[in-house]
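Structural overview
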Amino acid sequence: MINYKTVVGIVTGALIVFVTLIQFEVSLFLIWLLFLAGPFLVIWMVWSVLVAEVDIPETFEEQWYQDRPDMRRRDLT
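Residues numbered from 1 in each chain as written. Predicted model: local features only at pLDDT ≥ 70, side-chain atom pairs only at ≥ 80, totals over all residues. Heavy atoms only, no water.

Inspection of the secondary structure assignment puts Ser48 in helix 2 (residues 28–50). A polar side-chain atom of Ser48 sits 2.9 Å from the main-chain carbonyl oxygen of Met45. (Helix = DSSP H or I, 4+ residues; strand = E, 2+ residues; numbered from the N terminus. Polar contact = N/O pair within 3.5 Å; in protein donor to acceptor, adjacent residues only side chain to side chain.)

Laid out in structure tokens, this is it:
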């Protein structure tokens, strides 16, 4: 199985190629091909990110904001 970071890189690269082809007006066939493949590429990327096995040590209740430790949830009882 492909790593989800690789899939994100492939889809991002396809987007960059698509925009570059539009700007340089290289090939209308390639532009349309990438345009029509775009939704499937995005669905593939979203699926691979959602099913990726990533181990997160904190729970949502323990760590409210990961970048702001001062904004952690406080028990008001």
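After that view of the structure, there is still more to cover.
With that settled, consider a nonpolar patch on the surface. Together, Val42, Val46, Trp47, Leu50 and Val51 line one region of the surface with nonpolar side chains, adding up to about 500 Å² of accessible area. Residue placement: Trp47 occurs in helix 2. A residue is classified by how much of its surface remains accessible, and Trp47, at 57% relative accessible area, is exposed. (Patch = residues over 30% accessible without salt bridge, like charges linked within 9 Å, V, L, I, M, F, W, Y side chains within 5 Å. Areas by Shrake-Rupley, 256 points an atom, 1.4 Å probe, with all protein chains shown as cover. Salt bridge = Lys/Arg side-chain N within 4 Å of Asp/Glu carboxyl O. Buried < 20%, exposed > 50% of the residue type's maximum accessible area, 1.4 Å probe, protein only.)

What follows deals with unusual backbone geometry. Despite not being glycine, Glu25 has its phi angle at roughly 50°, a positive value. Position of Glu25 among the secondary structure elements: in the loop between helix 1 (4–24) and helix 2. Residue classification places Glu25 among the exposed positions, given a relative accessible area of 67%.

End to end, helix 1 covers 30 Å across 21 residues, agreeing with the expected 30 Å (1.5 Å per residue, within 8%). The set of residues buried in helix 1 consists of Val7, Val11, Ala14, Phe18 and Leu21. Looking straight down helix 1, one finds its buried side chains confined to an arc of 85°; they lie on one side. Opposite the buried face of helix 1, at more than 90 degrees from it, the exposed residues are Lys5, Ile16, Gln23 and Phe24. (Expected span 1.5 Å × (residues − 1). Arc of directions from axis to C-beta.)

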